[in-house]
Amino acid sequence: MGASRRPVVTLTAAAVVILLLDIVTKHIAVAQLSDRGPVDVIPGVLDLRLTRNSGAAFSLAGGATVVLSLVALAVIVVVVFTARRLRSVGWAIVLGALLGGALGNLTDRVFRAPGPLRGHVVDFVHLHHWPIFNAADSAIVCGGILAVVLSLLGIGLDGTRYGDSGEAVSGADSRGVAPVGGDDAVLRADPPADPAGRGGVGPGGP
């Protein structure tokens, strides 16, 4: 049936907002946090400190920069093709968050040192006892959490709940005959009227 316009617009808007937010915040972080120590935001809980990450989100898989860049490209392709079947605004937000986050970190890997597809991602948000991350990482994690919630609710990409279609009417079979009794129930249907219009003929005669 193709994607309806509203979910696709939502996906695109979410991806663009997240990408711009990620680019702007990283630019500010590089300008303000280079060559200085951590800046406390909430003492003992949150501070800002600049790091260069060659790995995945939260500094995982360090040294696999080229592989991670190719994975990000694959994610982008999958999201774009999935959008063709999209009719759910909730899933549009999920895919927009994943797309924006993937594009944000891929931008670093393409344009930052030491070179294309090997560039190090800028991280700067540090929650104590948690790896340092950025806006793109946050978008990817939030998108993943929302995807789990939508799946648990049974909401599909087309906006319908799993099992909504193709279900028979409760208490009746395909002929419109309702079961009577318990485990040994028999099917009872209204008897047909006779030609004279006197109603049905039951066992034992009229």
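Residues numbered from 1 in each chain as written. Predicted model: local features only at pLDDT ≥ 70, side-chain atom pairs only at ≥ 80, totals over all residues. Heavy atoms only, no water.

1. Some points on the overall build of the protein
The secondary structure content of the protein amounts to 4 helices and 5 strands. A burial count over the protein gives 31% of its 206 residues as buried. (Helix = DSSP H or I, 4+ residues; strand = E, 2+ residues; numbered from the N terminus. Buried < 20%, exposed > 50% of the residue type's maximum accessible area, 1.4 Å probe, protein only.)

2. Digging into the side chain of S88
Of note, S88 is situated in the loop between helix 2 (65–82) and helix 3 (89–111). Owing to a relative accessible area of 6%, S88 belongs among the buried residues under this scheme. Within the local environment of S88, its side chain forms a polar contact with the backbone nitrogen of W91, the two atoms lying 3.2 Å apart. In this view, S88 contacts P7, I155, G156, L157, D158 and G159; residues no more than four positions away in its chain are not counted. (Polar contact = N/O pair within 3.5 Å; in protein donor to acceptor, adjacent residues only side chain to side chain. Contact = heavy atoms within 4.5 Å.)

3. Some details on the sheet that holds strand 3 (residues 121–127)
Strand order in this open sheet of 3 strands is 1-2-3, and the pairing throughout is antiparallel. Strand pairing shows two members of the sheet lacking a second neighbour, strand 1 (39–42) and strand 3, which therefore form its edges. Taking the axes of each pair of neighbouring strands and ignoring which way they run, one obtains an average angle of 35° across the sheet. Of the pairings in the sheet, the one linking strand 2 (residues 46–53) to strand 3 comprises 6 bridges and is antiparallel in character. The partner of R52 across the bridge, within strand 3, is V122. Its contacts with the sheet place helix 1 (residues 5–33) against strand 1, strand 2 and strand 3, and it is angled at close to 80° to strand 3. (Pairing = 2+ DSSP bridges. Axes fitted to C-alpha atoms, helices over the stretch in contact; angles between N-to-C directions.)

4. A few points about unusual backbone geometry
The residue after A113, namely P114, is reached through a cis peptide bond having omega 10°. Looking at the element boundaries, P114 is found in the loop between helix 3 and strand 3. The phi dihedral of H129 falls on the positive side, at around 65°, and the residue is not glycine. Within the secondary structure, H129 sits in the loop between strand 3 and helix 4 (135–152). For H129, a relative accessible area of 83% corresponds to the exposed category.

5. Side note on helix 1
Residues spaced three or four apart along an α-helix face the same direction, because each turn holds 3.6 residues. Here helix 1 is 29 residues long and its end C-alpha atoms lie 41 Å apart, about the 42 Å a rise of 1.5 Å per residue gives. Buried within helix 1 are the following residues: P7, L11, A14, A15, I18, D22, K26, A29 and L33. Downstream of helix 1 by one or two residues, D35 has phi in the positive range, about 60°. (Expected span 1.5 Å × (residues − 1).)

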